[in-house]
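Survey of secondary and tertiary structure
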Amino acid sequence: MADAPLPDPAATAAPEREPVLGQRLRGMRQRREWTLQEVSARSGLSVGMLSQIERGVSAPSIRSLQKLAEIFAVPIGWFFSDPGAAAQGPAWVQRRAQRRVLDLSAKGITKELLSPEGDGKIELMLITVEAGGSSGEAPYQHAGEDAGTVLEGVLELEVDGVASRLQAGDSFRFLSTLPHRFANPGPLRCVVVWAVTPPLY
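Only a predicted model underlies this, so the values are computations on that prediction, with no experimental measurement involved.

1. Observations regarding the side chain of Ser58
Structurally, Ser58 can be placed in the loop between helix H4 (47-55) and helix H5 (62-72). Assessed through its relative accessible area of 18%, Ser58 is described here as buried. Setting aside its immediate chain neighbours within four residues, Ser58 contacts Met49, Gln52, Ile53 and Ala106.

This is how it looks when you write it as structure tokens:
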């Protein structure tokens, strides 16, 4: 009796999970019965880029994410993953397992919301920027104020056309209405505790 053929690993492997951002973007588009061409016309992003974002092949810059949130009339926080665990303890405490995450790994960036959910005037995030990662080539802006401190690595921060390199232990604060962008020029990852007021996400 001949041995049964071994299953093809490629055929039996579970499909790779798409990033939350892409899933939610596709879901919002399909619920509105918009084509990629329509979203492209409304957002100014190319059809190819939108398709790649939906499939998790690419990630939008933060400026592009703002545009997408605008045309779909949702807060940018909509693109974050859901809490990973049920709330434990008082409402003003958020456990590590409850953090919501915005995965822009194609841009080399991961944002974790540290602030408990609910109404508040300040938002705290843990932002990890891999070597070569950036918020995008074009600066972005919004209402309020940004502040933070670098925990690890090097952060190149540009505010209103002026760039500065911050090392671990360096801090910053600026008006969010000024055009700004950030990048990690170093060979190691950069980790920043970043505060925004009022909350952006």
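Structure shown, so let's carry the discussion forward.
2. Looking at H5
Since the α-helix turns once every 3.6 residues, residues separated by three or four places project in the same direction. Of all the residues in H5, the buried ones are Ile62, Ser64, Leu65, Gln66, Leu68, Ala69 and Phe72. As for H5, its buried residues are in contact with helix H2 (20-31), helix H3 (36-43), H4, strand S1 (101-104), strand S2 (109-113) and strand S8 (180-183).

3. Digging into empty space enclosed by the protein
Tallied over the entire structure, the rule returns one cavity of 30 Å³ or more. Estimates place the volume of the largest cavity at around 50 Å³. The wall of the largest cavity is formed by Lys111, Met125, Ile127, Tyr140, His142, Asp146, Phe182, Trp194, Val196, Leu200 and Tyr201. Contributing elements (two or more residues each) for the lining of the largest cavity: strand S3 (123-129) and strand S9 (190-197). Class assignment of the residues belonging to the lining of the largest cavity gives a composition of eight nonpolar, one polar and two charged.

4. A few points about the pairing of S9
Counting buried residues along S9, six of its eight residues qualify, which places the element largely inside the surrounding structure. For S3 and S9, the ladder comprises seven bridges, and the chain directions are antiparallel. Bridge assignment links Ile127 to a residue of S9, and that residue is Val192. Relative to S9, strand S4 (residues 145-152) runs antiparallel, the two being bridged by seven bridges. Among the inter-strand pairings, Val150 is bridged to a residue of S9, identified as Val192.

5. Considerations on the pairing of strand S7 (residues 171-175)
Of the two faces of S7, only one is covered, namely that formed by Phe172 and Phe174; the face formed by Ser171, Arg173 and Leu175 stays uncovered. Sheet topology places S4 next to S7; five bridges connect them, and they run antiparallel. The residue of S7 that forms the bridge with Ala147 is Arg173.

6. Examining the pattern of salt bridges
In this structure the tally under the stated criterion is eight salt bridges. Asp82 serves as the salt-bridge partner of Arg24, at 2.8 Å between the closest nitrogen and oxygen. Here Arg24, found in helix H2, pairs with Asp82, found in the loop between H5 and S1; they are 58 residues apart in sequence, far enough to count as distant. Among the ionic contacts, a cluster of salt bridges with common partners joins Arg26, Arg29 and Glu54.

Calculation notes
- Residues numbered from 1 in each chain as written.
- Predicted model: local features only at pLDDT ≥ 70, side-chain atom pairs only at ≥ 80, totals over all residues.
- Heavy atoms only, no water.
- Helix = DSSP H or I, 4+ residues; strand = E, 2+ residues; numbered from the N terminus.
- Buried < 20%, exposed > 50% of the residue type's maximum accessible area, 1.4 Å probe, protein only.
- Contact = heavy atoms within 4.5 Å.
- 1 Å grid on protein atoms, 1.4 Å probe; cavity = no way out; pocket = protein on both sides within 12 Å on 5 of 7 lines; lining within 4 Å.
- Points joined across faces, edges and corners; volume = space filled by probe spheres on them.
- Nonpolar A, V, L, I, M, F, W, Y, C, P; charged D, E, K, R; others polar.
- Pairing = 2+ DSSP bridges.
- Salt bridge = Lys/Arg side-chain N within 4 Å of Asp/Glu carboxyl O.

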